[in-house]
Amino acid sequence: MASVSPIDVQKALHGVGYPSGKDALVEAARGNGASGEVLDALGAVADKEYGSPTEVSAEIFD
């Protein structure tokens, strides 16, 4: 996703407690005022539990 940066994703996930599932990540990002591109990126990740912000970034950018 060229239009989304890892920094934008991490800012959107500020305050998230881990482990956290996909729906909780999207909800937190929405509450943090994330852009539509970030919400789309998070909405496209696998529906599973993520143990850290690094795992979320790996799912989006790897």
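Residues numbered from 1 in each chain as written. Predicted model: local features only at pLDDT ≥ 70, side-chain atom pairs only at ≥ 80, totals over all residues. Heavy atoms only, no water.

Engineer: I would appreciate a short explanation of the overall build of the protein in the present structure.
Structural biologist: The number of helices and strands found in the protein is four helices and two strands. Start at the N end of the protein and walk to the C end: the helices and strands fall as α-β-α-α-β-α. By the compact-globule yardstick of 11 Å for 62 residues, the protein fits well, its C-alpha radius of gyration being 10 Å. Overall, the protein is about 25 × 25 × 15 Å in size when its C-alpha atoms are taken along their principal axes. Counting all 62 residues of the protein, 34% fall into the buried class. When the accessible surface of the protein is summed, it comes to about 3600 Å², and 51% of that surface belongs to carbon and sulfur atoms. (Helix = DSSP H or I, 4+ residues; strand = E, 2+ residues; numbered from the N terminus. Rg over C-alpha atoms; globule rule 2.2 N^0.38 Å. Buried < 20%, exposed > 50% of the residue type's maximum accessible area, 1.4 Å probe, protein only. Areas by Shrake-Rupley, 256 points an atom, 1.4 Å probe, with all protein chains shown as cover.)

Engineer: Just checking my understanding: could you explain the nonpolar core for this structure?
Structural biologist: Nonpolar side chains in soluble globular proteins generally cluster together in the buried interior. Core analysis: the largest hydrophobic core is formed by 17 residues, its most contacted members being Val 9, Leu 13, Val 38, Leu 42, Val 56 and Ile 60. Broken down by element, the residue count for this core peaks at four residues, all from helix α3 (residues 36-43). Apart from the residues lying within four places of it in its own chain, the contact partners of Val 38 are Val 4, Asp 8, Val 9 and Ala 12. (Core = buried A, V, L, I, M, F, W, Y, C linked by side-chain atoms within 4.5 Å. Contact = heavy atoms within 4.5 Å.)

Engineer: Is there a simple way to explain the side chain of Ser 20 in this structure?
Structural biologist: Among the structural elements, Ser 20 can be located in strand β1 (residues 20-21). What makes Ser 20 buried here is its relative accessible area of 6%. Leave out the neighbours within four places in its chain, and Ser 20 touches Leu 25, Lys 48, Glu 49 and Tyr 50.

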